[in-house]
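Okay, here's what each chain looks like letter by letter:
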Amino acid sequence: AQKVTQTQTSISVVEKTTVTMDCVYETRDSSYFLFWYKQTASGEIVFLIRQDSYKKENATVGHYSLNFQKPKSSIGLIITATQIEDSAVYFCAMRDDSGYNKLTFGKGTVLLVSP
Amino acid sequence: NAGVIQTPRHKVTGKGQEATLWCEPISGHSAVFWYRQTIVQGLEFLTYFRNQAPIDDSGMPKERFSAQMPNQSHSTLKIQSTQPQDSAVYLCASSLGGTGVNQDTQYFGPGTRLLVL
């Protein structure tokens, strides 16, 4: 069975700095897909960025980037130049390549960005 | 483009009553997913439809929970004889459902917060 673990419960940073959130996963599949989502204070869950396991290059979207370390089964999210509005809960998720497209989520990391 | 629509946004039921939750996926998306979010369990998969057909219901409680997708524009999650432990945020998500690149990315609705008293 798949498992996604986010060990950091919460992180506090000052705005305009860079933050890294950790995520490790477990799967028996050779092909899999990793996602990061953000849940805002209103409860809205927003897709941020993804990494497909067969791609060696780390994904980057805006001020989000990933640190994909396949041998360590790790997919870290890096947010550069953080802003107050980045304060949210960040979830790491994975789906396998079985055709059953459900996502398995980690427990989330709370990010608080202060002035 | 409108996102995933869920109604109602909040629902309060008494123990033993029935609750029906509605989801309208993004137009053109053929895959619809239901998840449940609680403080203790986090985000859990419930069930998945593709082209209106049920594909995977491995996360659905065996009793009292059922889901349907009668047409491509809406899906329902029904909970019979609701219990306090059913209190949660129920989230619907949709994706393009194809096999091409990025067609599996799921986009979430705002959720329905169910409270069973």
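## With respect to the sheet that holds strand S1 (residues 5-7) of chain B
Strand pairing in a sheet relies on backbone hydrogen bonds. The paired strands run either parallel or antiparallel.
All names here are of chain B.
Point 1. The strand order S1-S3-S8-S7 describes an open sheet built from four strands, whose pairing is antiparallel. Of all the strands in the sheet, the pair left with one neighbour each is S1 and strand S7 (65-71). This sheet shows a mean twist of 20° between the axes of neighbouring strands, independent of strand direction.
Point 2. Strand direction decides the pairing type here: strand S3 (residues 19-24) and strand S8 (residues 74-79), joined by five bridges, are antiparallel. Of the residues in S8, the one forming a bridge with Thr-20 is Lys-78.

## Here's the deal with the environment of Ala-59 of chain A
Residues and elements named next belong to chain A.
Point 1. In this fold, Ala-59 is placed in the loop between strand S6 (45-52) and strand S7 (60-61).
Point 2. In this structure Ala-59 comes out as buried when scored by relative accessible area, which is 18%.
Point 3. Spatially, the C-alpha atom of Ala-59 lies 16 Å from that of Lys-38, the residues being 21 residues apart in sequence.
Point 4. Ignoring any residue separated from it by four or fewer positions in sequence, one finds Ala-59 in contact with Ile-49, Arg-50, Gln-51, Tyr-64, Ser-65 and Leu-66.

## Side note on the pattern of salt bridges
Point 1. Tallied over the full model, the rule gives five salt bridges over all chains.
Point 2. The salt bridge involving Arg-50 of chain A is made with Asp-52 of chain A; its shortest N-O contact spans 2.8 Å.
Point 3. For Arg-50 of chain A, a relative accessible area of 11% translates into the label buried.
Point 4. Under the relative-accessibility criterion, Asp-52 of chain A is labelled buried at 3%.
Point 5. The salt bridge involving Asp-86 of chain B is made with Arg-64 of chain B; its shortest N-O contact spans 2.6 Å. Of the two residues, Asp-86 of chain B is situated in the loop between S8 and strand S9 (88-95) and Arg-64 of chain B in the loop between strand S6 (53-56) and S7; the sequence distance between them amounts to 22 residues.
Point 6. According to the relative accessible area criterion, Asp-86 of chain B is buried, its value standing at 2%.
Point 7. Classification of Arg-64 of chain B by relative accessible area gives partly exposed; the value is 25%.

The rules we used
Residues numbered from 1 in each chain as written. Chains lettered and ligands numbered in written order. Predicted model: local features only at pLDDT ≥ 70, side-chain atom pairs only at ≥ 80, totals over all residues. Heavy atoms only, no water. Pairing = 2+ DSSP bridges. Helix = DSSP H or I, 4+ residues; strand = E, 2+ residues; numbered from the N terminus. Axes fitted to C-alpha atoms, helices over the stretch in contact; angles between N-to-C directions. Buried < 20%, exposed > 50% of the residue type's maximum accessible area, 1.4 Å probe, protein only. Contact = heavy atoms within 4.5 Å. Salt bridge = Lys/Arg side-chain N within 4 Å of Asp/Glu carboxyl O.

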